[in-house]
Amino acid sequence: MEINYILLAHRSPKQIKLLVNKLDTPNCNFYVHIDKGANQSPFIDALLHKSNVFFLPDSLREFGTWGDIGICKGTFNALSNIFGNS
């Protein structure tokens, strides 16, 4: 069975790295949505060594204001990416 995690983040790349390392098992993947207002580079650098971590491209990134539709859109974009419908 394959497990796909969706992570939405806007800060703390080190914490995201710790989370990925704790959850990482065979047959699992991580789909990471970084808020459009945040710099994605530190997150990519922190997880560069992981072949099962996939960052959503800029075209699928959303502004994730708390309580706003952007968080839902980011989640749906990640789901679309998982199922190959992006």
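Here is what the cut-offs are and how they apply
- Residues numbered from 1 in each chain as written.
- Predicted model: local features only at pLDDT ≥ 70, side-chain atom pairs only at ≥ 80, totals over all residues.
- Heavy atoms only, no water.
- Buried < 20%, exposed > 50% of the residue type's maximum accessible area, 1.4 Å probe, protein only.
- Helix = DSSP H or I, 4+ residues; strand = E, 2+ residues; numbered from the N terminus.
- Right-handed = clockwise from strand over helix to strand, strands pointing away.
- Phe/Tyr/Trp six-rings, centres within 6.5 Å; stacked < 30°, edge-to-face > 60°.
- Patch = residues over 30% accessible without salt bridge, like charges linked within 9 Å, V, L, I, M, F, W, Y side chains within 5 Å.
- Areas by Shrake-Rupley, 256 points an atom, 1.4 Å probe, with all protein chains shown as cover.
- Salt bridge = Lys/Arg side-chain N within 4 Å of Asp/Glu carboxyl O.
- Contact = heavy atoms within 4.5 Å.
- Pairing = 2+ DSSP bridges.
- Axes fitted to C-alpha atoms, helices over the stretch in contact; angles between N-to-C directions.

S.K.: For the pairing of strand 2 (residues 28-34), give the residues involved together with the corresponding values.
M.R.: Most of strand 2 sits inside the fold, with 7 of its 7 residues counted as buried. Neither face of strand 2 is open: one carries Cys28, Phe30, Val32 and Ile34, the other Asn29, Tyr31 and His33, and all of them are buried. With respect to chirality, the unit in which strand 1 (residues 3-9) leads through helix 1 (residues 13-23) into the neighbouring parallel strand 2 is right-handed.

S.K.: Outline the packing of aromatic side chains, supporting the account with residue identities and numerical values.
M.R.: Considering all chains together, one arrives at 2 aromatic pairs under this definition. On the numbers, 5.1 Å between centres and 10° between planes, the contact of Tyr5 with Phe30 is stacked. In this pair, Tyr5 is assigned in strand 1 and Phe30 in strand 2, connecting sequence segments 25 residues apart.

S.K.: An account of a nonpolar patch on the surface is requested, with residue identities and associated values reported.
M.R.: A contiguous nonpolar surface patch, about 350 Å² in accessible area, is contributed by Phe76, Leu79 and Phe83. Relative to the helices and strands, Leu79 resides in helix 3 (residues 69-82).

S.K.: Give a detailed account of the environment of Ala78, specifying residues and quantitative values.
M.R.: The topology assignment puts Ala78 in helix 3. Residue classification places Ala78 among the buried positions, given a relative accessible area of 0%. Separated by 27 residues in the primary sequence, Ala78 and Ser51 have C-alpha atoms spaced 17 Å apart. Excluding residues that lie within four positions of it along the chain, Ala78 makes contacts with Ile6 and Leu56.

S.K.: How would you explain the sheet that holds strand 2 if you had to name every residue and give the values?
M.R.: An order of 1-2-3 is seen for the 3 strands of this open sheet, with the pairing classed as parallel. Each end of this open sheet is capped by a strand with a single partner; those strands are strand 1 and strand 3 (53-55). Taking the axes of each pair of neighbouring strands and ignoring which way they run, one obtains an average angle of 20° across the sheet. Sheet topology places strand 2 next to strand 3; 3 bridges connect them, and they run parallel. Opposite Tyr31, over in strand 3, you have Phe54 as the bridge partner. Taken strand by strand, helix 1 contacts strand 1, strand 2 and strand 3, and its axis lies near 170° from that of strand 1. This element, helix 3, spans strand 1 and strand 2 of the sheet and lies at about 150° to strand 1.

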